[in-house]
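Chains, contacts and geometry: an overview
Chain by chain, the residues run as shown.
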Amino acid sequence: MSAVKPPVLAIENLRVEYPLANGAVFTAVESASLVIQPGEIHALVGESGAGKTTIGNAVMGLLEKPGHIAAGSIHIGGKPLDPSKGSAEGVVLGRDVGAVFQDPMTSLNPLFTVESQLTETMRTHLKLDKAAARARALSLLEAVGIPEPERRLKAYPHQLSGGQRQRVVIAAALSCDPKLVVADEPTTALDVSVQAQILKLLRDLADQRGIGILLVTHNMGVVAQIADRVTIMHRGKVVETGPTAEVLRRPKAPYAKALIGAVPRIDAKLDRFPVIGEEGKGRAAEARAALRGKAERADAIADGTPILSVENLCVEYVTSGLLPGSKGHTFRAVDGVSFSVHSGEVFGLVGESGCGKTTIANVVSGLVRPTAGRVVYRGQNVAGEGAVRRVGPLRQAIQMIFQDPYSSLNSRMRIGSILAEPILFYRLAATAAEAKDDVARLIEAVGLEAEAAERFPHAFSGGQRQRLSISRALGARPKLIVCDEPTSSLDVSVQAQILNLLKDLRDATGLTLLLISHDLAVVRQMCDRVAVMRSGKLVEEAESETLFEAPQHPYTKELLSLVPTLDRIRGESEAA
Amino acid sequence: MKTLASPGLITRIGAPISVLAAAALALIIVACALLASWIAPYDPTNLASFDLMNAELPPAFTADGDAHFLLGTDNQGRDLLSTMLYGARVSIMIGGGAVLVAATLGVMLGLLAGYFGGKVDALIMRIGDVILSFPTILLALLVSGVARAVFPGAATAEWAPIILICAIATNEWVQYARTVRAATMVETAKDYVRAAKVIGLPSRRIMLRHILPNVMSPVLVISTINLAAAVLTEATLSFLGVGMPPTYPSLGTLIRIGNEFVFSGIWWIALFPALALVILVLAVNIVGDWLRDRFNPKLRVKR
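Residues numbered from 1 in each chain as written. Chains lettered and ligands numbered in written order. Predicted model: local features only at pLDDT ≥ 70, side-chain atom pairs only at ≥ 80, totals over all residues. Heavy atoms only, no water.

The name given to chain B in an unreviewed UniProt entry is ABC transporter permease, with Microvirga alba as the source organism. Under the UniProt heading Subcellular location (unreviewed entry), the note attached to chain B is "Cell membrane". In its Sequence similarities (unreviewed entry) section, the UniProt entry covering chain B states "Belongs to the binding-protein-dependent transport system permease family." (UniProt positions renumbered as here; feature names shortened; annotations may be inferred.)

Going by an unreviewed UniProt entry, chain A carries the name ABC transporter ATP-binding protein and comes from Microvirga alba. Note on chain A: under the UniProt heading Sequence similarities (unreviewed entry), the record states "Belongs to the ABC transporter superfamily." Per UniProt, the comment on chain A under Subcellular location (unreviewed entry) is "Cell inner membrane".

What follows is the structure, encoded as structure tokens:
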């Protein structure tokens, strides 16, 4: 890279504002500056609402109205971007700036073949004829590593896997030889194994073609793996910027330190997660002690029989045919899975998307009926052939926490009525006043103020909602809680808080947790024992430490090796 | 705190002036109709209050008009304005009743179909499909015809409104059921419903307490548009002679009566009720269309 070339992207003192309906102005980005040289990957990280995507959109001229650039400048390849038009003189989105978006399921038009999506931009911007565009599309597909590119050209997006689709999106972004690619969370929707391939592809493109990449992400592991430089943002402001290794190893700003500290480690188990800011408030400890008193945990099983055992579980989904009477298609989501969970432990179930882990969570919590096999809770068959009906204490015993805190609370009900529902339904409180007390205690136990009962769910942030969702599950006084990806839609600092909360609740009430997750680092931090799943089957089950230190199955080894982590960098800094 | 009278209210509703005007007009007509017994100059249902001698008097503003009868009189000597006010009341009450019955039935069946799916869903929705394959008027004629055949009192002033409400609702519930079914399917897949299932709440409680409040906004929108449609259907049926009897006329009955006299130069008996009907239906439709657009996120323009 010669020094005389202008940087592919230079942002100086950028300020993006959104005028609000009431006349106030929301500043999404304030005095942000960054420079990307050719061949450099510059990561922009931060939690949701930090303004990182806004910067990406400003560069691409895709700011949503009424948002606009209020101050500062953006130069693309040395040419200034006109804030009023949202594009630089002679710079065309699609030709000089390529875009890769988060979700490959929606960023390709389902009605066009791969060929027409790829050739469209080339024919518009490069004025290529059909044959030349096709030849170029072929070479691009080869460059992004799609097998049998000849055949894939004819394919529609739904005929490709998620990873292949994201490759096609990247190929489209590269189609006109851009100098700059803006990649907004390019691997967030993908599994770790696919993510590793896409990250390697981006790195190769930067190295071999000298493309500058602005990588917007929330994942510190991704940053550590491929970025040359990193800029950490918080509430619209740049808090720290510099070479990746330096920033991640020795962050200076307090927020950067806290953010990096909150990333779950996969290399060693910690007692608690370091947490940014306050970790819940109020009388959490008292409230938890009170819950424990009510839960009557006297019946802990002493003789070592498991609290829950899943035996030979099979779940099949039948998709119906197009015409009535035509034979449907059977899909086996869970295929002969057996494991058992002991009282008081945290049992982890990990695997990539589509491996059947969530289906198992649904069977255990009674939402889905198994095709074969059974689930036994404390000697009682609760799912499968000959299962007893789950009513009363049996139904109360197993509760669930869901992935999406935005849809798991009914937006038309006050928090108080949502939390009181299980209490009143199971008559766990003698009077209305007592129920109200219980609700207050539940809210305090998850680190919120009891006044929350009077408010509606929209008044709370994602992390607070997840806390409330946990207190609803606790309201039925369960013995076992199924946690289905409880933190995967939360920011890393909030994730640390929620995971700490689950640990504390487990310690205080002797709960058993079945934790479903795709995040191996989270699983290592939380679980006592772990089972790894792959396409409906259990491939390995072991004590958590054993599994992470000495994995036996090749798939487990592969998964562990693919996770992008901070640990390499961290390890070096500790050795130094 | 802002009071209701603050200037912000109207801008916060965000409706264009034409919609506000239509809403005001619709409200005025409905209010006048409902208050007919107090504001109408005469009582057309009271035989003693009118005289056949006054029959077919033209409106007061024409050359031969009588100052006592602002819009003239009908063929029985009833004051047309009073008869129209009472008629509008009948029309609106039948329309409103039909919407209420159709909405209740449709929402319940839609909830069941969407929540349980499978055979329950197939049964309810196929019945709905069959009903929709008949033209609205034909089906309503069928229902009121059958009712008159098996039940001799069906044509009387007491029973005719109930028969009409049933005849119109038979058709309209399907639209509610389809909309609510679709919305219920979306809501049922959401985590808050799954959470309620895991807690072990009975299906009835999940449907009524959790899902119903979340599927109601499209129902309100459909109801507005259907109210106008129901008033029109009622008028059509009455015009065809299977609706309200002439002794207790709705707007449709009045138009039918007037229709017989139009060619003898007595135009007002048909014209004024017809105008009232058009204005009412148009106003309600404008409000309904606006509501529909407003609750449809796809059509909402970013401001």
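Counting its secondary structure elements, chain B contains eleven helices and zero strands. Each helix and strand of chain B, placed in order from N terminus to C terminus, yields the pattern α-α-α-α-α-α-α-α-α-α-α. Its C-alpha atoms put chain B at 75 × 55 × 30 Å along the principal axes. The buried share among the 303 residues of chain B stands at 45%. Within chain B, residue pairs in contact and separated by at least 24 positions form 69% of the contacts whose partners lie at least 6 positions apart. Accessible area of chain B: about 15100 Å², with a carbon and sulfur share of 71%. Averaging the positions of the 22 positive and the 17 negative side-chain charges in chain B gives two centres separated by 23 Å. (Helix = DSSP H or I, 4+ residues; strand = E, 2+ residues; numbered from the N terminus. Buried < 20%, exposed > 50% of the residue type's maximum accessible area, 1.4 Å probe, protein only. Contact = heavy atoms within 4.5 Å. Areas by Shrake-Rupley, 256 points an atom, 1.4 Å probe, with all protein chains shown as cover. Lys, Arg positive; Asp, Glu negative; His and termini not counted. Charge placed at Lys NZ, Arg CZ, Asp CG, Glu CD.)

Moving on, we come to the sheet that holds strand E13 (residues 329-341) of chain A. Residues and elements named next belong to chain A. Reading across the sheet, the four strands line up as E13-E12-E15-E16 and stay open at both edges, with antiparallel pairing between neighbours. Both edges of this open sheet fall to E13 and strand E16 (380-384), since each of them pairs with a single strand only. Each adjacent strand pair in this sheet contributes to an overall mean axis angle of 30 degrees, direction not counted. In this structure, strand E12 (residues 308-319) lies alongside strand E15 (residues 372-377), joined through five bridges in antiparallel fashion. Its bridge partner being in E15, Val310 is matched across the sheet by Val375. (Pairing = 2+ DSSP bridges. Axes fitted to C-alpha atoms, helices over the stretch in contact; angles between N-to-C directions.)

All names here are of chain A. Taken domain by domain, chain A consists of domain 1 (9-262) and domain 2 (285-319 + 326-575). With 20 residues of domain 1 at the interface, the matching set in domain 2 holds 18 residues. For the pair domain 1 and domain 2, the two sides together bury roughly 1700 Å², of which 59% comes from carbon and sulfur. The interface formed by domain 1 and domain 2 includes zero salt bridges. Our count for the domain 1 to domain 2 interface comes out at four residue pairs in polar contact (both at pLDDT 80 or more). Sorting the residues of the side of domain 1 that touches domain 2 by element identifies helix H6 (192-209), helix H7 (220-226), helix H8 (244-249) and helix H9 (254-262) as the ones contributing at least two each. Residue composition of the side of domain 1 that touches domain 2, grouped by class: eleven nonpolar, six polar and three charged. (Domains from an automatic or database assignment. Buried area = accessible area lost by both parts, 1.4 Å probe. Salt bridge = Lys/Arg side-chain N within 4 Å of Asp/Glu carboxyl O. Polar contact = N/O pair within 3.5 Å; in protein donor to acceptor, adjacent residues only side chain to side chain. Nonpolar A, V, L, I, M, F, W, Y, C, P; charged D, E, K, R; others polar.)

Another aspect to go through is the interface of chain A and chain B. In this assembly, 24 residues from chain A lie in contact with 18 residues from chain B. Interface area, chain A with chain B, both sides summed: about 1900 Å², of which 56% is carbon and sulfur. One can count two salt bridges joining chain A with chain B. Arg205 of chain B serves as the salt-bridge partner of Glu421 of chain A, at 3.6 Å between the closest nitrogen and oxygen. Taken together, the elements giving at least two residues each to the side of chain A that touches chain B come down to strand E17 (398-401) and helix H13 (415-425) of chain A. Its residues placed into classes, the side of chain A that touches chain B shows nine nonpolar, nine polar and six charged.

Here the focus is the nonpolar core. Judged by nonpolar contacts, the single largest core of 156 residues is most densely connected at Ile170, Ile213, Leu215, Ile232, Ile443 and Ile470 of chain A. With eleven residues, the single largest contributor to this core is helix H7 (residues 160-188) of chain B. Shared between two domains, this core takes at least three residues from each, and those domains are domain 1 (9-262) and domain 2 (285-319 + 326-575) of chain A. Once you skip the residues sitting within four places of it in the chain, Leu215 of chain A turns out to touch Ile41, His42, Ala43, Leu44, Ala183, Pro186, Leu202, Val222 and Ile226 of chain A. (Core = buried A, V, L, I, M, F, W, Y, C linked by side-chain atoms within 4.5 Å.)

All names here are of chain A. Its location among the elements puts Glu352 in the loop between strand E14 (346-350) and helix H11 (357-364). Although Glu352 is buried, it makes no salt bridge; Arg534 carries the closest opposite charge, 5.9 Å away. Of note is the side chain of Glu352, whose polar atom sits 2.9 Å from the side chain of Tyr555. If sequence neighbours within four positions are ignored, Glu352 has contacts with Asp191, Val192, Ser193, Lys357, Tyr555 and Leu559.

Turning our attention to the sheet that holds strand E20 (residues 529-534) of chain A. Residue and element names in this part refer to chain A. Spatial ordering of the open sheet is given by E17-E18-E19-E14-E20-E21, a layout of six strands whose pairing is mixed. Every interior strand has two partners, whereas the edge strands, E17 and strand E21 (537-543), have only one. Within this sheet the neighbouring strands show an average axis-to-axis angle of 20 degrees, counted without direction. Examined bridge by bridge, E20 and E21 share six bridges and lie antiparallel to one another. Its bridge partner being in E21, Ala531 is matched across the sheet by Glu541. Strands in contact with helix H19 (residues 554-562) are E20 and E21; relative to E20, the strand with the most contacts, it is inclined by about 100 degrees.

Let us now look at the pattern of salt bridges. Residue and element names in this part refer to chain A. Evaluation of the coordinates by the stated rule reveals 32 salt bridges over all chains. Ionic pairing is found between Glu150 and Arg134, a salt bridge with its closest N-O pair at 3.5 Å. Separated by 16 residues along the polypeptide, Glu150 in helix H4 (residues 149-152) and Arg134 in helix H3 (residues 130-143) bring together distant segments of the chain. On the basis of relative accessibility, which here comes to 26%, the residue Arg134 falls in the partly exposed class. Through salt bridges with shared partners, a single network forms among Arg15, Glu17, Glu30 and Lys237.

It is worth spelling out the UniProt feature "transmembrane region" (unreviewed entry) in chain B at this point. All names here are of chain B. When the UniProt feature table is mapped onto this chain, "transmembrane region" (unreviewed entry) is found at residues 20-40, 90-118, 130-151, 157-174, 211-232 and 266-288. Taken as a whole, residues 130-151 contains 82% helix and 0% strand, while its terminal C-alpha atoms sit 25 Å from one another. With 91% helix and 0% strand, residues 266-288 has end C-alpha atoms that lie 35 Å from one another.

With that settled, the discussion passes to the pairing of E20 of chain A. Residue and element names in this part refer to chain A. Most of E20 is tucked away, with five of its six residues classed as buried. Direction of pairing for E14 relative to E20: parallel, over a ladder of four bridges. In the strand pairing of E20, Phe347 is matched with Arg529. Taken together, E20 and the strand that follows it, E21, pair antiparallel across an intervening segment of two residues, in which Ser535 is found at a positive phi of about 30 degrees.

Take the confidence of the model for chain B next. Residue and element names in this part refer to chain B. This prediction gives chain B a mean pLDDT of 84; 92% of its residues lie at or above 70. At the low end of the mean pLDDT range in chain B sits helix H1 (residues 8-13), at 55; at the high end sits helix H5 (residues 118-132), at 93. A low-confidence stretch, residues 1-7 stays under pLDDT 50, and its non-local contacts, those more than four residues away or across chains, total three contacts. Scored as a complex, the prediction yields pTM 0.79 and ipTM 0.78. (pLDDT = per-residue confidence, 0-100.)

Interaxial distance between H13 of chain A and helix H9 (residues 203-240) of chain B falls to 13 Å at its minimum, and their mutual angle equals 160 degrees. Judged by the angle between their axes, H13 of chain A and H9 of chain B are roughly antiparallel. As for the relative orientation of H13 of chain A and H9 of chain B, their crossing is right-handed in sense. Of the residues in H9 of chain B, those touching H13 of chain A at Ser417, Glu421 and Phe425 of chain A are Arg205, Arg209 and His210 of chain B. (Parallel < 35°, antiparallel > 145°, perpendicular 65-115°, else oblique. Left-handed = near helix turned anticlockwise from the far one by under 90°.)

Let us now look at helix H8 (residues 191-199) of chain B. Residue and element names in this part refer to chain B. When you tally the buried positions in H8, you get eight out of nine residues, the bulk of the element. Burial in H8 covers these residues: Asp191, Tyr192, Val193, Arg194, Ala195, Ala196, Val198 and Ile199. Following H8 by one or two positions, Gly200 has its phi on the positive side, about 100 degrees.

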